[in-house]
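Each chain, letter by letter, is given below.
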Amino acid sequence: MADTSSVIIIGGGIHGSSLAFHLAEKGVQSIVLEKGVLAAGATGRSSGLVRMHYDLELESRLAWLSFQYFINWKERVGGECGFTRTGFLQFVPSEQIDQLKANVEMHQQIGVPSRLIDRQDVKRLAPYFFVDDIELAAFEPESGYADPYATTTAFMDAARRLGAKLVQDCTVTGIQISGDRVTGVSTSRGDFSAEVVVNCAGAWADKIGAMAGVQIPIKTWRHDTMFVRRPKEVGPSHPTVIDNVYKMYFRPETGGLTLVGLEDNNPLGEDPDTNTEYAKDGFTPRAIDRICQRVPIMEQGSLQGAHGGYDGLTPDQRAILGQAGPEGFYLQCGMSGTGFKIGPAVGACMAELIVDGEAQLLDISPFQLSRFEEGSLLIGDHNYGDFWH
Ligand SMILES: Cc1cc2nc3c(=O)[nH]c(=O)nc-3n(C[C@H](O)[C@H](O)[C@H](O)COP(=O)(O)OP(=O)(O)OC[C@H]3O[C@@H](n4cnc5c(N)ncnc54)[C@H](O)[C@@H]3O)c2cc1C
């Protein structure tokens, strides 16, 4: 006999576990089916940046709502999320200064602590940064990074305390449909039945969509990151930075390390089950070159390691959220390389949508799958263009 729950969640990343937690808070039992282990996908490799600086107001709002979780984690969820406040700097090329100003204004209107600072201010915050090419930067003093593995585990632990279940080493192989609605899934561990099935399968989400006859326009996106040991002159920490001038981001990591990721040359369309233990050939020399341009003293640092991960990238590089295809089938996927920090609020909104028929916390209807067919792509009012190139 099939194991029965109210909601089946496919994928045990930040999104599956956040949804399980928020459903459980509403008294709805779910079962999370994960083909590997918790946080085995993009989440376990995420750089964990927590900032509100987006050029799309909806994403800034999701990040800001989520931020309230990160800073009140123990009280709100329980356990640890590893949030570390470092301050966050956004650098843009000189031709995007107008967008930067407009976006900071938008963030301030939402209530996000963010302001414009000049070159000297940046130098005061980070004396070892090269700043000659920075006219203005956006500064979020409260932002930083969190620990994606701890965050996901804490969500799942809290959900389980409220009755949710997690089945690991369980690969979903088919979606069961009767008439025009879902009734459950087939897996490597037998059948599970439920009236609602949610696709939180990250870079694998298009495969799950196909099982339900739903075409999801995502490409897999490979992203490598590198860890370098900072020379001691840089000090015990430094701000978290997205540097659109050098097309990279970096943040401090515990143990005197700095994590670096690049915005360009992230391969698209690869098999997401490709090995991610090691970075791709050529990544570390490029990443070292970039970080040494922005922080020249890093030339005295040393390489500690590099690895990769896969996420699902949509045509407008924004998430896909909402119902699609057979009744009871929902999408919470296509996180496009920036989905960790919005995980808490997205899970809350999706739980409201599934249980109450509408998301109250924030209207997430613009994120529906149908936007791609309708040509209603999500583009910021003062957009920086594609983040990933
Ligand atoms: C290297 C890297 C760095 C990043 N840095 C940041 C950052 O700094 N800040 C930020 O906000 N975002 C960042 N992101 C993006 C963010 O990590 C992802 O958007 C987010 O983790 C996606 O979470 P998810 O739950 O949707 O997917 P995932 O974490 O990928 O989870 C999907 C899960 O589904 C499982 N699954 C797949 N198919 C099946 C199946 N058939 N049956 C059962 N289970 C299945 C997978 O095993 C996987 O565990 C980064 C991503 C990468 C790769």
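Only a predicted model underlies this, so the values are computations on that prediction, with no experimental measurement involved.

For the rest of this paragraph, the subject is the overall build of the protein chain. A tally of helices and strands in the protein chain yields 11 helices and 21 strands. Expected size for 389 residues packed as a compact globule is a radius of gyration near 21 Å; at 21 Å, the protein chain falls within 12% of this value. Judged by the C-alpha coordinates and their principal axes, the protein chain covers about 65 × 40 × 40 Å. When contacts within the protein chain are restricted to residue pairs at least 6 apart in sequence, long-range pairs at least 24 apart make up 74% of them.

Glancing now at the pattern of salt bridges. Per the counting criterion, the structure on display carries 20 salt bridges. Between Asp224 and Arg222 there is a salt bridge, and its shortest N-O distance comes to 2.8 Å. For the pair shown, Asp224 and Arg222 are each scored as buried. Across the salt bridge formed by Arg286 and Asp264, the nearest N and O atoms sit 3.7 Å from each other. Separated by 22 residues along the polypeptide, Arg286 in helix H9 (residues 283-294) and Asp264 in the loop between strand E18 (257-262) and H9 bring together distant segments of the chain. For Asp264, a relative accessible area of 15% gives the class buried. Through salt bridges with shared partners, a single network forms among Asp55, Glu59 and Arg318.

Here the structure, examined in full by the defined rule, presents zero disulfides. Cysteine Cys200 is unpaired, with the sulfur of Cys333 as its nearest cysteine sulfur at 7.9 Å. Residue classification places Cys200 among the buried residues on the basis of a relative accessible area of 7%.

Here the focus is the pairing of strand E16 (residues 240-243). Of the two faces of E16, the one carrying Thr240 and Ile242 and the one carrying Val241 and Asp243 are both buried. A loop of four residues connects E16 with strand E17 (residues 248-253), the two strands running antiparallel in sequence, and Lys247 in this loop sits at a positive phi of about 50 degrees.

Moving on to the site of the ligand. Around the ligand sit 38 residues, and of these Glu34, Thr43, Leu49, Asp311 and Lys341 come closest. At 2.5 Å from an oxygen atom of the ligand is found a side-chain nitrogen or oxygen belonging to Thr43. Protein coverage of the free-state accessible area of the ligand, which is 1,000 Å², stands at 97%. At the level of elements, helix H1 (14-25), helix H2 (42-45), strand E15 (219-229) and strand E19 (302-313) are the ones that each hand at least two residues to the shell around the ligand. Classifying every residue of the shell around the ligand by side-chain character gives 17 nonpolar, 16 polar and five charged.

Here we take up the packing of H1 against helix H7 (residues 148-161). For any two helices packed against each other, one specifies the inter-axial angle together with the distance between the axes. Following both chains from N to C, one finds H1 and H7 inclined at 30 degrees, their axes separated by 8 Å at the closest point. The angle between H1 and H7 falls in the class roughly parallel. Taken as a pair, H1 and H7 cross one another with a handedness that is left-handed. Taking contact as the criterion, the partners of Ile14, Ser17, Ser18, Ala20, Phe21, His22 and Ala24 in H1 are, on H7, Thr151, Thr152, Phe155, Met156, Ala158 and Ala159. Tallied by class, residues from the contact of H1 with H7 come to eight nonpolar, five polar and no charged.

This part takes up helix H5 (residues 97-110). Between its first and last C-alpha atoms H5 spans 20 Å; for 14 residues at 1.5 Å apiece the expected length is 20 Å, and the two agree. Taken together, the buried positions of H5 are Ile97, Gln99, Leu100, Ala102, Asn103, Val104, Met106, His107 and Ile110.

Mapped onto the secondary structure, Leu58 falls in helix H3 (residues 57-71). Residues Leu58 and Phe367, 309 residues apart in the sequence, show an inter-C-alpha distance of 9.3 Å. With sequence-adjacent residues up to four places away left out, Leu58 is seen in contact with Leu362, Asp363, Pro366 and Phe367.

Summed over the entire model, instances satisfying the criterion amount to eight aromatic pairs. Ring geometry for Trp64 and Phe67: centres 5.7 Å apart, planes at 15 degrees, overall stacked. Of this pair, Trp64 and Phe67 are both found in helix H3, three residues apart, which corresponds to roughly one turn of the helix. We note that Trp64, like Phe67, is buried. Grouping aromatic residues by their ring pairs yields a cluster made of Phe21, Tyr69, Phe70, Trp73, Phe155 and Phe340. Above the plane of the ring of Tyr54 lies Arg51, whose end atom (NZ or CZ) is 4.3 Å from the centre. Residue placement shows Arg251 over the ring face of Tyr145; its charged tip is 3.9 Å from the ring centre.

We now examine unusual backbone geometry. In the Ramachandran plot, Ala39 falls in the positive-phi region, its phi being about 65 degrees despite a non-glycine side chain. Judged by its relative accessible area of 8%, Ala39 is buried. Residues other than glycine seldom take positive phi values, yet Asn265 does so here, at roughly 55 degrees.

Let us now look at the packing of H1 against helix H10 (residues 343-356). Direction vectors running N to C along H1 and H10 enclose 50 degrees, while the axes themselves pass 8 Å from each other. Considered as vectors, H1 and H10 are oriented oblique to each other. In terms of crossing hand, the pair formed by H1 and H10 is right-handed. Packed against H1, whose contacting residues are Ile14, His15, Ser18, Leu19, His22 and Leu23, the element H10 presents Gly343, Pro344, Val346, Gly347, Ala348, Met350, Ala351, Ile354 and Val355 at the interface. Broken down by class, the residue content of the contact of H1 with H10 amounts to 10 nonpolar, five polar and no charged.

Parameters at a glance
Residues numbered from 1 in each chain as written. Predicted model: local features only at pLDDT ≥ 70, side-chain atom pairs only at ≥ 80, totals over all residues. Heavy atoms only, no water. Helix = DSSP H or I, 4+ residues; strand = E, 2+ residues; numbered from the N terminus. Rg over C-alpha atoms; globule rule 2.2 N^0.38 Å. Contact = heavy atoms within 4.5 Å. Salt bridge = Lys/Arg side-chain N within 4 Å of Asp/Glu carboxyl O. Buried < 20%, exposed > 50% of the residue type's maximum accessible area, 1.4 Å probe, protein only. Disulfide = S-S within 2.5 Å. Pairing = 2+ DSSP bridges. Near = heavy atom within 4 Å. Polar contact = N/O pair within 3.5 Å; in protein donor to acceptor, adjacent residues only side chain to side chain. Areas by Shrake-Rupley, 256 points an atom, 1.4 Å probe, with all protein chains shown as cover. Nonpolar A, V, L, I, M, F, W, Y, C, P; charged D, E, K, R; others polar. Axes fitted to C-alpha atoms, helices over the stretch in contact; angles between N-to-C directions. Parallel < 35°, antiparallel > 145°, perpendicular 65-115°, else oblique. Left-handed = near helix turned anticlockwise from the far one by under 90°. Expected span 1.5 Å × (residues − 1). Phe/Tyr/Trp six-rings, centres within 6.5 Å; stacked < 30°, edge-to-face > 60°. Lys NZ or Arg CZ within 6 Å of the ring centre and 35° of its normal.

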